[in-house]
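Fold and contact review
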Amino acid sequence: MSDVVEKTLTALPSLLSLDSHSGSTKLSSSSKLGNLIRGITELTSKHEEEKLIQRELASIKEQVSSPNTSMRQMKELMVRAIYCEMLGYEASFSYIHAIKLAQQGTALEKRVGYLAVSLFLNESHELLLLLVNTVLKDLQSTNLIEVCMALTVVSQMFPKDMIPAILPLVEEKLNHPKEIIRRKAVLALYKFYLIAPNQVQHIHNKFRKALCDKDPGVMTASLHIYLQMIQENPEGYKDLTASFVTILKQVVGGKLPMDFNYHSVPAPWLQIQLLRILAFLGKNDQSTSEIMYDILDESLRRAEINHNITYAILYECVKCIYTIHPKSELLEKAAKCIGNFVLSTKINLKYLGLKALTYVVQQDPKLALQHQVTIIECLDHPDLIIKRETLELLFRITNGQNVTVIVEKMLEFLRVNKDDYTTIDLVGKVAELAEKYAPNNEWFIETMSTVFSVGGDTMHPDIPNSFLKLLSEGFDSVEEDRKLRLFAVDSYVSMLQGEPGKLPQRFLQVISWVLGEYSYLRGELEAATVLKLLAKLLDLKSTSSETKNWVLMAMTKVCEGRVGVSVAQEVCETYSSCLDTALRQRAQELQHLSQDPDLRAKVLPREAGPEPLEVDSSLSFLDGFVSEALAAGAAPYKPQHQRQEEMAQAKALSMEPYGLPISMSSCSIADRQSPTLLSVSSGLSGDSPDLCQKGGSTTLKLDGVKRVWGRQGYLVQREPVEEPDLVEVTGPLQSPNQHGGAEGPPSQTPTPNPTPQPEQEKQQLASSLFVGLGSQSSLCLMGKSEPTTQRFRRKAKGPVLSSGTSEQISNSFVSGSSVANNLLCNDLLDSDITSETAVPSLEQTSQTSHGATAANGACDVESTDSDMKENRPSVIRDNGLVAAAPAPREGRDRLKDLSTHLPAEFSGLCHSEISPLASNQSLDVSACHVQKEDSLALVVFMYNSSDSDIPHIQLELHSEELEVSGDCDSPGQEARSHSAAVRQYSLAVKKPSVHVEVVGVVSYQLPVGTSQSVQFSYKLPLTSFIRPLTVSTEEYGTMWLDFSHDTKQKLTPISVGQEPLMDTLNVLKKKLKLHVVEIIGMEGIVACQVLRDQPCLMHCRLHAGTLSVWLRSPVPDLPDCLMYHCQRALQEH
């Protein structure tokens, strides 16, 4: 500490010229500032410091008031006053003298005066008006130092009302020959734009001129203005994208002077500003993003120096890459950069990696899966900042499946945390997650009780208010409302029977309200018992007056019976003479209502829902009063902006320098804006770069914000990024050193080694934290991963074949291309593939006479109604061969001939294209599905391509999601040479899924006596089973109340025509076969059913350019699946 003080004392003379001798390097012994600093450093207590400062302030006050004090002495007095203010002691008597010092004296004295003013006063201080004429005078001065000082104080603090007085002079300085003047003028205009943007709208062209200034400093200063303007309106500045990219190229290429380098990094802060600007410009704009791809790649490549400033550039670059329209190569490099940060042993870099991962995890949840081990280790990191950022990351990936584990981790941190800010922030997050993803009523009440207990009285008041509002409004199910309220009553009664004195005041207020409203629901709970528990709260010394008001109101609601009246009377006697008028009023209400049950029933009715409040926004009830006042000669009301414009036009304030004194009464300073309240919760969500820029909504539910997280997790599906160099590991836990190349031959499953106990705990924790975040598996709505793990194991789902039907193959070899293609296709389609993906060599062999397997012969590609040609499932025969697909021309001709074999009953009906499913030397299996009004038919064609007849063909079908009915148990069918045998089945949905699948096995015997079998699969989208449900509006309303499973999401409507709601519903009606029941204004109701008899209702509301969709059904998974197809239909339109 002594070294720091010594350096400070050495530097002060040269800065302030306090010593009379030029070139002095030591603070003179006669300097009173030096004596003051030495005296303070020698003190041993705060009390001694206060006494010393008070004596010093008294001395300064006496000297500044003396008429014999010179300007040089006044300068030293101001410096000492600044030092006292910096220590936290008020020196308001010196404010006016600082202004006088800025108005008079030499340049050095004016410099100290301006410095003191900028440190003493704020923008709303009334004394600042006295500085306006001084600033006007200095702006017109020929002395560059005085002009710089004036521009500096203007850019730091200046009255909003005085901007018109100096704006023309500041504009002139944009053309000044000295670059330092131009730079400070730009910074002054930036300040004006922040506090009064409307007053600088007319000089936007001059901002562009500053952007093209030949001096890099002026150009850098202009970026502050452009960053603010582009953040507010990016569409208005798209034409400048090329200019910003060009500037960034010059900066990255080292074209700026060496003065701008920092640790050999060219203009790092300028790069950061430009990257932020490009992120705003390229968001959701592919054409604009393509302009900046090359320079972003160059920025990532050049930022290789191991220094903190390069890490900051990389962080901004990663944020920009994940904000703009995605490009796979850049995303791979950015993901690698994030991985390097997260895996770093340095705490600062690990924090930066977690922060970057938190930012991008909504766009790419896969990154969280890649670093599960590190994230779990960070939960136990000794650094609290690392822990807090890890919890923020977990908050972003929370879904309905992992909410209990993540909330428990947050609560564990809250119990040991001592920082109030962190407590307020995390309490808001836990409350938001509990309200959004609560698995059941009991967990919700227990979690919120813990939130109220841990959060205490420091939590934001909106959290308990939102909780009480949820209890009051309830859900659409009366039974669910009753269960929730009953569990809350039981929990709170048990708490009051324990130690209520340890509970925070806001929690006691919540308990009082809940017991007052819903304690009657528990029939065996007597009102007298509740009254006695509440009365105990009034006797606690720690109970505040506000809490006592809540308790008395609750007692008024439950007071009934003889015992209850007696308890109420005792309380009334205590508080009827209380000095607190609010408590006295509540006591009087309790006394009167307890004696008159009929009046209490009218005033405080039970089971009375929240009544809508009618608000007269026009204040029409004041029309009579206004008319009378106008008739009496009162001036009509003028809006605030109109009054300000009239004042500016009339020049109510004197703008001439050194004119008449400015009257304080003529200055309107009443229009100061109060600071905006900031939101406690992180809102949002997420997603995105707007998280740190949004204003403060004080509610937990964010209406109008794009919802990307739902009940089951992540909603928005980003364009997949192919990563052929990476192979997904099998389990939920994936450490960084488990990545391997995809191009090696598959090996047998290794024998698992015994896992140590700590590793097992980490694996269990990872499986709980990261459930529902499958990166490459097919995602249904809410990000819920499809159960594809078992789906791709054909033999586990199909009928088990007898060993007698298999044929031993000799002289076989492993086809390397087949193995590679099989691994690649499976890896791209299924992220949950286990070690069994490596098929034994017998199943990967191929006879040399049959050639190699086609590249797509081992993959299952989803079939849709519009394009069934891409269905090329795997063909695995009983002997383990992967059959080759037929030649294209031969296949097309054969499929064309098969269409003539469709049953006659399907003529005239819409059917999909006939798709080949399986083939071998003698049999080709194809299929199509036919859309019927009340069912869906699956037609299977078995074409005999051999020269001999196949007398007996047996077909068996199996599906986990579908009910298959038809001639499944019929005897075998004959297929003559070069002809087809046809089977048809009726399909109905048993378990809704985004895509459903039928697995089949065709068994037959060749004339030579050899048994053969072919296994195949056929996929269909759920939309194939959707049919319109024709209902009336009344029937719709009844069904809506009866259905219990629902989901909500905000979608982007079709905005081509004049009626976006009508256009959107027409698109959904055409693509998904929905029935539009009715459209009223900006709302519409739609109905459909899934074969058979599985209804689903949809309610749509168009607001602020987004479509709020609410789906309900009696079937659990149907709303999520249908929402997925709605989102996909609108995206593909």
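As a reminder, the structure under discussion sits directly above these lines.
**Quick word on a nonpolar patch on the surface**
A cluster of nonpolar side chains, contributed by Leu619, Phe621, Leu622, Phe625, Val626 and Leu630, occupies part of the molecular surface with about 600 Å² of accessible area. Note on placement: Val626 falls in helix α33 (residues 623-631). Using a relative accessible area of 40% as the deciding quantity, one classes Val626 as partly exposed.

**Things to note about the sheet that holds strand β8 (residues 936-944)**
A sheet is described by the order of its strands in space; here five strands give the open sequence β6-β7-β8-β12-β10, paired in antiparallel fashion. Edge positions in the open sheet fall to β6 (915-919) and β10 (962-966), since each of these has one partner strand only. Here the strands of the sheet are splayed against their neighbours by 30° on average, with no regard to which way each runs. When β6 meets strand β7 (residues 923-931), the two strands line up antiparallel, connected through four bridges. By the bridge assignment for β7, Ala918 is matched with Val925.

**So, the packing of aromatic side chains**
Considering all chains together, one arrives at 12 aromatic pairs under this definition. Between Tyr226 and Tyr237 the ring centres are 6.0 Å apart and the planes differ by 85°, which places this aromatic pair in the edge-to-face class. Here Tyr226 is found in helix α12 (residues 216-232), whereas its partner Tyr237 is found in the loop between α12 and α13 (241-252), with 11 residues between them in sequence. Using a relative accessible area of 1% as the deciding quantity, one classes Tyr226 as buried. Accessibility expressed as a relative area gives 10% for Tyr237, which makes it buried. Between Tyr492 and Phe507, the aromatic rings sit 5.7 Å apart at their centres with planes inclined by 85°, giving edge-to-face as the arrangement. Within this pair, whereas Tyr492 is found in helix α26 (residues 478-497), its partner Phe507 is found in helix α27 (residues 505-518), the two being separated by 15 residues in sequence. Across this residue pair, the class does not change: Tyr492 and Phe507 are buried. In this structure an aromatic cluster arises from ring pairing among Phe444, Phe452, Phe467, Tyr492 and Phe507.

**Side note on the pattern of salt bridges**
Note on pairing: side chains with opposite charge can pair once their charged atoms come close. Throughout the structure, instances matching the rule amount to 26 salt bridges. Note that Lys206 and Glu171 form a salt bridge whose closest N and O atoms lie 2.9 Å from each other. You can see Lys206 sitting in helix α11 (residues 204-211) and its partner Glu171 sitting in helix α9 (residues 163-172), a full 35 residues away along the chain. The exposure class of Glu171 is buried, given its relative accessible area of 13%. One salt bridge connects Glu392 with Lys429, and the closest N-O pair in it is separated by 3.0 Å. You can see Glu392 sitting in helix α21 (residues 384-396) and its partner Lys429 sitting in helix α23 (residues 420-437), a full 37 residues away along the chain. Like Glu392, the residue Lys429 is buried in the burial classification. One salt-bridge network, held together by shared partners, links Glu392, Arg396, Asp425 and Lys429.

Thresholds applied
Residues numbered from 1 in each chain as written. Predicted model: local features only at pLDDT ≥ 70, side-chain atom pairs only at ≥ 80, totals over all residues. Heavy atoms only, no water. Patch = residues over 30% accessible without salt bridge, like charges linked within 9 Å, V, L, I, M, F, W, Y side chains within 5 Å. Areas by Shrake-Rupley, 256 points an atom, 1.4 Å probe, with all protein chains shown as cover. Salt bridge = Lys/Arg side-chain N within 4 Å of Asp/Glu carboxyl O. Helix = DSSP H or I, 4+ residues; strand = E, 2+ residues; numbered from the N terminus. Buried < 20%, exposed > 50% of the residue type's maximum accessible area, 1.4 Å probe, protein only. Pairing = 2+ DSSP bridges. Axes fitted to C-alpha atoms, helices over the stretch in contact; angles between N-to-C directions. Phe/Tyr/Trp six-rings, centres within 6.5 Å; stacked < 30°, edge-to-face > 60°.

These figures capture arrangement, not role.
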